[in-house]
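Survey of secondary and tertiary structure
Listed below are the residues making up each chain.
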Amino acid sequence: MQISSRFTIAIHMLTCMETFKDKYKITSDFLASSINVNPVIIRRILSQLKEAGLIEVKRGTGGAGIIKPLEEITFFDVYRAVECIEENTLFHFHENPNPACPVGRNSHNILDDKLLKVQEAMEQELKSITMADVIRDLGNVLGNEV
């Protein structure tokens, strides 16, 4: 199991949007240069963040910006916005366990509730961290550098 890089890219993007909002126009090219990825990837994630109601994107020369208070944007919000994971399906179960095998025919019964508990614990932790925490920590690291 591995959460895709979309999650950390989205956190990076939101951090840049907040950090540089008064200094630069926040475009996909600007964000791509900080993250060092193709602007197409950035535009796709911008679209997902916009659809989730976390940012606004002004076409053309407008740029992007955060529209919710940072204290109200949790890692869980970002995770839900950019990860293509349906509810309670973080763990992908192998498709065809052998029904003739006692382990194969019972694997779902044995594992489903345990995997759900793991997912719920991860999601609770994601809900406890906000973008305000990230910006505060960045400020502590950078001091007056930005």
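Quick note: structure is the one above.
Notes on the structure in this doc start here. Here the residue index of a chain counts from 1 through its sequence in written order. Only residues with pLDDT of 70 or above have their local features reported here, since the model is predicted, and side-chain atom pairs are shown and tallied only from 80 upward, although totals for entire chains, interfaces and linings are computed over all residues. Water and hydrogen atoms play no part in the side-chain values, which are based on all heavy atoms of the structure.

A water-sized probe rolled over the atoms picks out the places where empty space is left. Using a grid of 1 Å spacing that covers the protein atoms alone, one calls a set of points a cavity when a 1.4 Å probe fits there but cannot get out, and a pocket when the set is open and has protein on both sides within 12 Å along at least five of seven lines; lining residues are those with an atom within 4 Å of a point. Grid points are joined across faces, edges and corners, and a volume is the space filled by probe spheres set on the points. The computed volume of the largest pocket comes to approximately 260 Å³. Lining the largest pocket we find 13 residues, and of these Ser-28, Arg-43, Leu-46, Val-57 and Arg-59 sit closest to its centre. Of all elements in the fold, only α3 (39–51), β1 (55–58) and β2 (63–66) reach the threshold of two or more residues within the lining of the largest pocket. Helix and strand definitions here come from DSSP, where helices need a minimum of 4 consecutive H or I residues and strands a minimum of 2 consecutive E residues; each element is numbered from the N-terminal end. When residues of the lining of the largest pocket are assigned to their parent elements, the largest contribution, 4 residues, is made by α3. Of the residues in the lining of the largest pocket, the class split is 4 nonpolar, 5 polar and 4 charged. Polarity classes work like this: nonpolar for Ala, Val, Leu, Ile, Met, Phe, Trp, Tyr, Cys and Pro, charged for Asp, Glu, Lys and Arg, and polar for all others, with Gly in that last group.

Turning our eyes to something else, we now look at the nonpolar core. We define a nonpolar core as any set of buried Ala, Val, Leu, Ile, Met, Phe, Trp, Tyr and Cys residues linked to one another through side-chain atoms lying within 4.5 Å. Exposed residues in this analysis have more than 50% of their type's maximum accessible area, buried residues have under 20%, and partly exposed residues fall in between, with area computed by a 1.4 Å probe over protein chains only. Membership of the largest hydrophobic core comes to 35 residues, with the highest contact counts inside it found for Met-13, Met-17, Leu-31, Leu-46 and Leu-49. The greatest single-element share of this core, amounting to 8 residues, is contributed by helix α1 (residues 5–20). Look past the residues within four positions of Met-17 in its chain and what remains in contact with it is Ile-26, Leu-31, Leu-46, Ile-55, Ala-64, Gly-65 and Ile-66. By definition, residues are in contact when any of their heavy atoms lie within 4.5 Å.

A large share of helix α4 (residues 75–82) lies buried, amounting to 6 of its 8 residues. Summarising the contacts, the buried residues of α4 are in contact with α1, α3, α5 (102–127) and α6 (131–142).

Before going further, it helps to examine the pairing of β2. Paired strands are those between which DSSP finds at least two bridges. Summarising the sheet, β1 and β2 pair through 4 bridges and their orientation is antiparallel. Paired with Ile-55 across the bridge in β2 is Ile-66. Count of turn residues in the β1/β2 antiparallel hairpin: 4 residues, of which Gly-60 carries a positive phi of about 75°.

By the element assignment, Ser-107 lies in helix α5. Polar side-chain contacts of Ser-107 include one of 3.2 Å to the backbone oxygen of Gly-104. A 3.5 Å cut-off defines polar contacts: any pair of N or O atoms within that distance qualifies, except that in protein one atom must be a possible hydrogen donor and the other a possible acceptor, and neighbouring residues in sequence count only when both atoms are side-chain atoms.

For the rest of this paragraph, the subject is the packing of aromatic side chains. Ring geometry is summarised as follows: Phe, Tyr and Trp rings, the Trp one being its six-membered ring, pair when their centres sit within 6.5 Å, and such pairs are stacked at plane angles under 30 degrees, edge-to-face over 60 and tilted between the two. In total, this model carries 5 aromatic pairs according to the counting rule given. A centroid spacing of 5.7 Å and a plane angle of 70° characterise the contact between Phe-20 and Tyr-24, whose relative ring orientation is edge-to-face. Accessibility expressed as a relative area gives 21% for Phe-20, which makes it partly exposed. Taken together, a centroid distance of 5.5 Å and an interplanar angle of 80° make the contact between Phe-20 and Phe-30 edge-to-face. You can see Phe-20 sitting in helix α1 and its partner Phe-30 sitting in helix α2 (residues 28–35), a full 10 residues away along the chain.

Here we take up the packing of α1 against α4. Between α1 and α4, the shortest axis-to-axis distance is 9 Å and the interhelical angle comes to 120°. Between α1 and α4, the interaxial angle falls into the category oblique. Of the two possible hands of crossing, α1 and α4 adopt the one that is right-handed. Where α1 approaches α4, its residues Arg-6, Phe-7, Ala-10, Ile-11 and Leu-14 are matched on the opposing element by Phe-75, Val-78, Tyr-79 and Val-82. Here the residues of the contact of α1 with α4 are counted per class, giving 8 nonpolar, no polar and 1 charged. To obtain an axis, a line is fitted to C-alpha atoms, over the contacting stretch when the element is a helix, and the angle between two such axes runs from 0 to 180 degrees between their N-to-C directions. For this classification, under 35 degrees means roughly parallel, over 145 means roughly antiparallel, 65 to 115 means roughly perpendicular, and everything else is oblique. Crossing handedness: left-handed means the near helix sits turned counterclockwise from the far one by under a right angle, and right-handed means the same turn made clockwise.

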